[in-house]
Structure formats: C-alpha cells, structure tokens
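# Results of the structural survey
Residues per chain, in single letters:
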Amino acid sequence: MEKRILGRTNFEVSVIGFGGIPIQRVDKDTAIDIIERAKATGINFIDTARAYTNSESLIGYGLEKAGRENFILATKSMKRDYDGILEELNISLKNLRTSYIDLFQFHNLRSFEELDQIFSEKGALKAIKEAKEKGLVREIGITSHSPEILDKAIDTGEFATIQCPYNPVERQGEELFEKAHRMNIGVIVMKPLAGGAITNAKLSLKFIVNNPNVSVVIPGMDSVRQVIENANVGKNIKPLTEGEKAIIFEEAEALGTEFCRRCGYCLPCPQGIDIPYQFLMEGYYTRYNLQEWAISRYNNMPANARDCIECGQCETKCPYHLPIRKMLKRVEEVLG
Ligand code: SF4
Ligand code: SF4
C-alpha cells in the first residue's frame with residue numbers, strides 16, 4: 001500500500017483510508033473483522049464522526065482487537081461551541097476506546113458564519129486547542145463540502161488538514177488541493193463515489209489517487225470484500241489508461257451535476273419524506289433497470305415525493321444547493 005505524508009502532521013498514511021459511515025450497518029463481530037482486515041491490507045487511516053451513530057463504538061472494538069497503535073485515527077464533531085465540542089470529544093474518546101485522537105476535525109462547515117462561531121471567544125477551536133495541549137488531540141483539521149469555506153479556513157493557519165469531496169464528477173476542489181499542498185496541509189478526500197452515484201469504484205479511486213495533491217481518500221466500507229478491493233487500488237498505482245478515462249468521464253457526463261450524493265443533511269423533512277431515498281429509487285429505475293422493484297418500494301414508503309408541500313426547508317440545508325422540490329416532482333413523474 002502506497003503511503004503519503006498527511007501535510008504538516010507528518011503522519012504517514014495509507015493512500016486508501018477507511019471511511020466510517022457504512023460500518024454503522026454491521027454488527028460488532030463483523031466490524032472487528034473489517035478493521036483487522038484493514039490493518040492486514042495496509043490501511044492505517046480511519047475516519048469517523050460523532051454524527052455517524054454507532055460508527056465510533058464499532059471502530060473502537062476493532063481498534064481494541066487490531067491494536068490502536070497501528071492506526072492514525074480521525075474523528076469529527078458538528079459542535080461549534082466550547083462546551084459542546086468538549087462534551088463530544090469526551091464521548092469520542094470513550095467510544096473509540098482510546099486516550100487520544102490523532103486528528104480531530106470540525107465537521108461539515110456549511111457557512112462562513114459557522115467558521116466565525118468556531119473562532120469566537122466561546123468557540124470550539126479554543127476548546128480543541130486546549131485539548132491538544134493536554135495530549136487528547138494531536139492535530140486539528142476541518143471538513144466541508146465547500147472549497148470556498150476551506151480556502152478561507154486554511155488561510156487562518158489553524159488547520160493541519162482539510163477534508164472535501166472529490167471524484168470524477170466533483171472536481172471543484174482541485175485548485176484548493178493545489179494550494180493546500182503548497183501550504184503543507186493534508187488533503188483528505190471524502191465522497192470518492194459521489195455518494196454512491198458513481199458505480200465504478202475502482203476507477204474512481206484510481207482517478208483520485210492519481211492526483212498527487214491528495215494525501216488520502218476515505219471510501220466507506222462495510223465488508224471485508226470491500227476492504228480488499230479498495231486497498232488493492234492503493235498498491236502499485238499507475239496512471240489511468242485512455243480506455244479507463246473514457247469509461248469514467250462517460251459516467252460523469254451522464255450524471256451531470258444535479259444529482260443527490262445521499263449525505264442526508266437535508267433531513268428531517270417535516271412531511272417525513274426520506275429525501276435521499278426518493279432519488280435512490282429513481283436511480284434504480286432509470287439507471288439500473290429495476291423498474292418494477294423501484295416502483296413498488298417507492299409506493300410502499302410511508303411518505304414519498306408526492307407528499308412534499310414545497311416548504312423549501314430541505315433546500316436550505318443541502319450542501320450542493322440542489323433544487324430538491326423540482327427534483328422530487330421528477331421522481332413522482334417517474335415512479336408515481
Ligand atoms: S420542500 Fe418538500 S421535501 Fe423539502 S422539506 Fe419541505 S416538504 Fe420536505
Ligand atoms: S438532497 Fe442534498 S442534502 Fe439531501 S441527501 Fe441529497 S445531496 Fe444530501
């Protein structure tokens with residue numbers, strides 16, 4: 001497995017890291033198997049979050065078995081205030097069964113105002129810097145879907161890493177990654193498959209690791225098979241062939257930019273609509289030739305696109321500024 005230096009942290013990380021969202025779906029024994037296999041394949045970077053329900057706990061069991069010292073461990077919190085973030089840091093330490101977090105990140109900054117909150121007198125940055133002095137945290141990073149927010153964040157000099165989506169469909173971070181690399185700031189890539197919209201995982205990961213400004217990419221994994229397949233991409237990395245480029249860019253073009261990445265930030269909907277699930281079913285219908293199945297799942301949902309009252313709340317929360325109301329109308333036309 002190729003190793004890269006994570007910016008000024010000087011952590012030597014496997015170019016393929018472990019994304020901690022999907023592990024929420026598995027039981028404790030499977031989680032332990034997955035983490036042990038990650039170690040065996042050379043994956044040494046794990047990223048999770050307070051927001052991923054029991055992900056930290058499951059990873060904690062895995063770390064206990066596979067050896068905490070074998071991993072660079074990253075987690076994150078959505079709290080922006082001093083007390084709130086300290087409370088979450090303590091929960092993370094307990095869940096992860098560790099006495100320190102290698103990289104503690106401010107999770108999913110959605111606006112410049114949130115950045116200001118972190119930097120305020122009673123803000124979260126002060127708390128995490130104090131935790132760093134006490135040895136509870138080794139390095140501090142920040143994550144966002146917005147390159148503009150991350151650009152402003154790195155100019156402050158407070159962050160050793162950034163985490164941002166990047167894949168063949170979403171390349172808006174490339175300039176930022178160049179700048180981060182010049183500033184010796186580690187670049188962690190999330191959403192390597194655009195939230196599941198990209199079907200060729202191997203080629204998408206290969207595309208990402210071919211960018212020399214990327215330190216580590218963190219595909220989510222919930223099976224030993226996925227760990228092995230993803231880890232293989234980080235071994236003996238070669239440039240994409242012309243044929244491979246044609247395949248991935250054809251898929252990227254077909255997806256366009258107006259598609260759901262299934263991040264779930266638009267939820268909850270006051271009408272109880274599982275918004276990303278609507279688009280998932282639409283994708284099964286239009287892209288995967290599962291028409292009958294998708295229609296039956298759609299119609300069996302307690303609430304679906306036709307229940308939308310167009311209040312617009314979801315659109316203010318979507319980091320991709322998707323016209324969700326318009327898109328839901330399309331879903332109802334296809335599946336209703
Ligand atoms: S616009 Fe529709 S889908 Fe969005 S939050 Fe309102 S009711 Fe829910
Ligand atoms: S609609 Fe937007 S916020 Fe909701 S899951 Fe999709 S990408 Fe995320």
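Everything numeric in this text was worked out from a predicted model, so none of it was measured.

Conventions we followed
Throughout, a residue's number is its position along its own chain's written sequence, starting from 1. Chain letters start at A and ligand numbers start at 1, both assigned in the order the entries are written. Residues qualify for local features only when their pLDDT is at least 70, as the model is predicted, and side-chain atom pairs are given and counted only at 80 or more; totals for whole chains, interfaces and linings, by contrast, use all residues. Neither water nor hydrogens contribute to the side-chain values; these are computed over all heavy atoms in the structure. Note on conventions: DSSP H or I runs of at least 4 residues are helices, E runs of at least 2 residues are strands, and numbering of each starts at the N terminus. Between the two quantities, the radius of gyration covers C-alpha atoms and the globule rule is 2.2 Å times the number of residues to the power 0.38. Remark: exposure states derive from per-residue accessible area (1.4 Å probe, protein chains only) relative to the maximum for the residue type, with buried under 20%, exposed over 50%, and partly exposed in between. The contact criterion used throughout is that any non-hydrogen atoms of two residues lie within 4.5 Å. Residue proximity to a molecule or strand is established when one non-hydrogen atom of the residue lies within 4 Å of it. Residues are sorted three ways: Asp, Glu, Lys and Arg are charged, Ala, Val, Leu, Ile, Met, Phe, Trp, Tyr, Cys and Pro are nonpolar, and all the rest, Gly among them, are polar. Aromatic pairing here means that ring centres of Phe, Tyr or Trp (its six-membered ring) are within 6.5 Å. Orientation follows from the plane angle: under 30 degrees is stacked, over 60 is edge-to-face, and everything else is tilted. Charges are assigned to positions over rings by a cutoff of 6 Å between ring centre and Lys NZ or Arg CZ, combined with an angular limit of 35 degrees from the ring normal. The domain limits used here are those given by an automatic or database domain assignment. Buried surface area refers to the total accessible area, computed with a probe of radius 1.4 Å, that the two partners give up upon joining, counted for both partners together.

This brings us to the overall build of the protein. The helix and strand tally for the protein stands at 14 helices and 10 strands. Its C-alpha atoms give the protein a radius of gyration of 20 Å, near enough to 20 Å, the size a compact globule of 336 residues would have. Across its three principal axes, the protein shows a C-alpha extent of roughly 55 × 45 × 40 Å. Each of the 336 residues in the protein was classed as buried or not, and the buried ones make up 54%. Expressed as a percentage of contacts within the protein between residues at least 6 apart in sequence, the contacts between residues at least 24 apart total 75%.

Turning our attention to the site of ligand 1. Near ligand 1, the surroundings consist of Cys-269, Pro-270, Gln-271, Ile-275, Cys-308, Ile-309, Glu-310, Cys-311, Gly-312, Cys-314, Arg-325 and Leu-328. Residue composition of the shell around ligand 1, by class: eight nonpolar, two polar and two charged.

Glancing now at the packing of aromatic side chains. Enumeration according to the criterion identifies six aromatic pairs in this entry. Judged by centre distance (6.0 Å) and plane angle (80°), the rings of Phe-106 and Phe-159 are edge-to-face. On the criterion of sequence distance, the pair formed by Phe-106 in strand 6 (residues 101–106) and Phe-159 in the loop between helix 6 (147–155) and strand 8 (161–165) is long-range, its members being 53 residues apart. The buried category is assigned to Phe-106, whose relative accessible area is 0%. Summarising the aromatic geometry, the rings of Phe-119 and Phe-159 are spaced 6.0 Å apart at their centres and angled 85° between planes, so their arrangement reads as edge-to-face. Of this pair, Phe-119 sits in helix 4 (residues 112–119) while Phe-159 is found in the loop between helix 6 and strand 8, placing the two residues 40 residues apart along the sequence. By relative accessible area, Phe-159 is classed as buried at 0%. Grouped by ring-pair contacts, the aromatic residues Tyr-166, Phe-177, Phe-207 and Phe-249 constitute a single cluster. Positioned over the ring face of Tyr-100 is Arg-68, at 4.1 Å from the centre of the ring.

Before going further, it helps to examine the domain arrangement of the protein. When its domains are assigned, the protein resolves into domain 1 (3–249) and domain 2 (275–335). Counting residues at the interface gives seven residues for domain 1, matched by four residues for domain 2. Summed over both sides, the interface between domain 1 and domain 2 buries roughly 440 Å², with carbon and sulfur atoms accounting for 53% of that surface. Counting the surface domain 1 buries against domain 2, the share from its top three residues, Arg-110, His-145 and Thr-199, is 60%. Here the residues of the side of domain 1 that touches domain 2 are counted per class, giving two nonpolar, three polar and two charged.

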